[in-house]
Amino acid sequence: MRAARLHEYTHDMANGLSIDEVDAPQIASDGDVIVEVEGAGWCQTDNHIIEGMWTEYVDQDLPLTLGHENAGTVVETGAEVDVVSEGDQVICHPVQACGTCRPCRQGETMYCENDAFNGLTTDGGFADQLLTSERAVVPLPDGVDPADIAPHADAGITAYHAAKRAVDGVNPGDTAVVIGVGGLGHIGLQCLDAMCAADIVAVDLKQSACDLAADLGAHYTIDPESEDVASVIEDITDGAGAAQVLDFVGADETTALAPDICAAGGDHQIIGYGGHIHEPAQALVNGEFAYQGNIVGRYTELQELVALVERDAVSLHTTRYDLDEVNTVARKLEAREIDGRAVITP
Ligand SMILES: [Zn+2]
Ligand SMILES: [Zn+2]
């Protein structure tokens, strides 16, 4: 079968992956599931993996097939699989949790001590077939096209996970701020809108992103190039600040907004990454706000997100590309030429 693989870390996105002919995956244990990939979302994290940014955090053996946002049709199952059978359409959580370690038993599948992560620590879905497990697949509702929903496997649940956490900290009438209305941000905004009664403020440099945010339920939009974000939020909230900030950019400039825009006791949720946090400790003491990191979401959160999709509460803006266009997609994303989400269709 064909697989888009990383052989060497590089900053040259136009030549990051090569399309190789490799052996198709085989069932190795009783809980394994093999999926014919129909959609695999391309993520900013794929660019970061190609650059070698994850080597400090996880073990990676190259060559590695990338692709962690996968959906498709089950073609083969291990002897003890009964959640799905051949022919079922599924979305694949990127983490195959073990199910027996303490975090797994607490339901914290993202903290699993023995996990395999498609496209990050084990082969992913930029290929004709994907090896995953019964613990990672969520059956799709009728009428949902796997290629349309694939990015929810990571982009979607990461945004959902942060939004669900934020919803705990906003009461009706409070203000929530979404910084960056791109691939993840436009999902997070819809999740917030579906789950709480806060005033939603969207911040983005691109006019098209602000327009999309307004269409998806934002009550206010701010262009940080022409407006001072902190003073606009101060006006909107009568000086109280935002109870929750969802930062889908995670740059130095956006994390630096927290002391000025977070309400007392609020949270600045970090979802995007690449920058650093350099705020005075005194600002955190005075405002008692917190920075909170967010990594993907649990298996059960993927089930919840699929339920929101089934209720038409969350729509995904996607563009499809062939497997042999992976490097074009990587280069375009680097140049910010992709609106919404690119989906590879092997
Ligand atoms: Zn991703
Ligand atoms: Zn585990």
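Before any of the text, the structure's been laid out above.
Overview of the structure. (Residues numbered from 1 in each chain as written. Chains lettered and ligands numbered in written order. Predicted model: local features only at pLDDT ≥ 70, side-chain atom pairs only at ≥ 80, totals over all residues. Heavy atoms only, no water.)

The next subject is the coordination of the zinc ion (ligand 2). In this structure, Cys98 (SG), Cys101 (SG), Cys104 (SG) and Cys112 (SG) serve as the protein donors to the zinc ion (ligand 2), at separations of 2.3 to 2.4 Å. Every donor counted, the 4 donor atoms about the zinc ion (ligand 2) form angles of 102 to 120 degrees at the centre, which fits tetrahedral coordination. For the zinc ion (ligand 2), the donor residues sit on a single chain with the sequence spacing C-x2-C-x2-C-x7-C. The exposure classification of Cys104 matches that of Cys112, with both residues buried. (Donors = N, O, S within 2.8 Å, 3.2 Å for Na, K, Ca; no water. Tetrahedral: all angles 85-135°; square planar, octahedral: opposite > 155°, others 65-115°. Buried < 20%, exposed > 50% of the residue type's maximum accessible area, 1.4 Å probe, protein only.)

Here the focus is the coordination of the zinc ion (ligand 1). On the protein side, the zinc ion (ligand 1) has Cys43 (SG), His68 (NE2), Glu69 (OE) and Asp154 (OD) as donor atoms, found 1.7 to 2.5 Å from it. Sequence positions of the donors to the zinc ion (ligand 1) reduce to the motif C-x24-H-E-x84-D. Judged by its relative accessible area of 0%, Glu69 is buried.

Next up on the list: the side chain of Gln269. As for its placement among the helices and strands, Gln269 is situated in strand 15 (residues 262-270). Polar side-chain contacts of Gln269 include one of 3.0 Å to the side chain of Gln244. (Helix = DSSP H or I, 4+ residues; strand = E, 2+ residues; numbered from the N terminus. Polar contact = N/O pair within 3.5 Å; in protein donor to acceptor, adjacent residues only side chain to side chain.)

As a further point, take the packing of aromatic side chains. Per the stated rule, a full pass over the model turns up 4 aromatic pairs. Relative to Phe126, the ring of Trp42 lies with its centre 5.0 Å away and its plane at 5 degrees, an arrangement referred to as stacked. Residue Trp42 is located in strand 3 (residues 32-42), and its partner Phe126 is located in the loop between strand 8 (116-117) and strand 9 (129-133); the two are separated by 84 residues in the primary sequence. For the pair Trp42 and Phe126, a shared accessibility class is recorded, and that class is buried. A centroid spacing of 6.0 Å and a plane angle of 90 degrees characterise the contact between Trp54 and Tyr273, whose relative ring orientation is edge-to-face. Here Trp54, found in the loop between helix 1 (44-50) and strand 4 (64-65), pairs with Tyr273, found in the loop between strand 15 and helix 10 (281-287); they are 219 residues apart in sequence, far enough to count as distant. Judged by relative accessible area, Trp54 falls into the buried class, the value being 16%. (Phe/Tyr/Trp six-rings, centres within 6.5 Å; stacked < 30°, edge-to-face > 60°.)

What follows is about the side chain of Thr158. Checked against the element boundaries, Thr158 lands in helix 4 (residues 155-167). In this structure Thr158 comes out as buried when scored by relative accessible area, which is 7%. Looking at Thr158, its side chain comes within polar contact range of the main-chain oxygen of Asp154, at 2.7 Å.

For the rest of this paragraph, the subject is the environment of Val306. Relative to the helices and strands, Val306 resides in helix 11 (residues 299-310). Separated by 60 residues in the primary sequence, Val306 and Leu246 place their C-alpha atoms 21 Å from one another. Excluding its chain neighbours within four sequence positions, the residues that come into contact with Val306 are Ile91, Val138, Pro139, Pro141 and Ile149. (Contact = heavy atoms within 4.5 Å.)

Ranked by internal contacts, the top residues of the largest apolar core, which has 86 residues, are Leu17, Trp42, Ile91, Phe126 and Leu192. Take this core: its biggest share by element is 8 residues, from helix 4. Sequence-distant contacts of Leu17, that is, excluding residues within four places in its chain, are made with Ala4, Arg5, Leu6, Trp42, Ile50, Leu66, Phe126, Val326 and Asn327. (Core = buried A, V, L, I, M, F, W, Y, C linked by side-chain atoms within 4.5 Å.)

Before going further, it helps to examine the sheet that holds strand 11 (residues 175-179). A sheet is described by the order of its strands in space; here 6 strands give the open sequence 13-12-11-14-15-16, paired in parallel fashion. Of all strands in the sheet, those with a lone pairing partner are strand 13 (220-222) and strand 16 (290-293), marking the two edges. On average, each strand axis in the sheet is inclined to that of its neighbour by 20 degrees, with strand direction left out of account. Here strand 15 runs beside strand 16; their pairing, made up of 4 bridges, is parallel. Within the sheet, the bridge partner assigned to Gln269 lies in strand 16 and is Gln292. (Pairing = 2+ DSSP bridges. Axes fitted to C-alpha atoms, helices over the stretch in contact; angles between N-to-C directions.)

The subject of this paragraph is the pairing of strand 5 (residues 69-77). Inspection of the sheet shows strand 3 paired to strand 5 by 8 bridges, in the antiparallel sense. The residue bridging Gly41 from the neighbouring strand is Glu69, located in strand 5. Strand direction decides the pairing type here: strand 5 and strand 6 (residues 89-92), joined by 4 bridges, are antiparallel. Residue pairing for strand 6: Asn70 is matched across the bridge by Cys92.

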